[in-house]
Amino acid sequence: GSASLIWTKPTQNTNGSPVTNLAGYVIRYGTSSTALNTQISVGSANTTDLEIENLSPGNWYFKVAAINTANVESQFSSIVNKTIQ
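Predicted model only: the values in this text are computed from it and were never measured.

Quick look at the environment of Ile 6 now. If you trace the backbone, Ile 6 turns up in strand 1 (residues 3-6). Between the alpha carbons of Ile 6 and Thr 47 there is a distance of 9.2 Å; along the sequence they are 41 residues apart. The contact partners of Ile 6, leaving out residues within four places of it in the chain, are Thr 48 and Asp 49.

Our focus in this paragraph is the packing of aromatic side chains. According to the stated counting rule, one finds three aromatic pairs in the structure shown. Arranged with centres 5.7 Å apart and planes meeting at 25°, the rings of Tyr 29 and Phe 62 form a pair that is stacked. One end of the pair, Tyr 29, is in strand 2 (residues 22-30); the other, Phe 62, is in strand 5 (residues 58-68), with 33 residues separating them in the sequence. Residue Tyr 29 is classed as buried on the basis of its relative accessible area, which comes to 10%. Look at Phe 62 and you get buried, because its relative accessible area is 2%. One aromatic cluster in this structure is built from Tyr 29, Trp 60 and Phe 62. Across the ring face of Phe 76, the terminal group of Lys 63 is positioned such that the distance to the ring centre comes to 4.6 Å.

For the rest of this paragraph, the subject is the sheet that holds strand 2. In any sheet, the strands associate via hydrogen bonds between backbone groups, in a parallel or an antiparallel arrangement. Spatial ordering of the open sheet is given by 3-2-5-6, a layout of four strands whose pairing is antiparallel. On the outer flanks of this sheet lie strand 3 (38-42) and strand 6 (80-84), each paired with one strand and no other. Within the sheet, the average angular offset between the axes of one strand and its neighbour, ignoring direction, is 25°.

Cut-offs used in this document
Residues numbered from 1 in each chain as written. Predicted model: local features only at pLDDT ≥ 70, side-chain atom pairs only at ≥ 80, totals over all residues. Heavy atoms only, no water. Helix = DSSP H or I, 4+ residues; strand = E, 2+ residues; numbered from the N terminus. Contact = heavy atoms within 4.5 Å. Phe/Tyr/Trp six-rings, centres within 6.5 Å; stacked < 30°, edge-to-face > 60°. Buried < 20%, exposed > 50% of the residue type's maximum accessible area, 1.4 Å probe, protein only. Lys NZ or Arg CZ within 6 Å of the ring centre and 35° of its normal. Pairing = 2+ DSSP bridges. Axes fitted to C-alpha atoms, helices over the stretch in contact; angles between N-to-C directions.

Pasting the structure below:
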């Protein structure tokens, strides 16, 4: 199975200042919401979607964070889930 993830490119830092050094994103996922052990890096600030393939049947959980040019991650998004048949 596969899951299509789509997110919105951030425009502000958590302190309200404009984002000026966005480098990409990091996505973490797994079969438990408390153990998202697999990570994918997206090396483009302009990419806001990703297809994750070869998922086995079951419940899968995903979260995404922005990463800047200094390799600092933002807070992660809320966890979303998808059931693969």
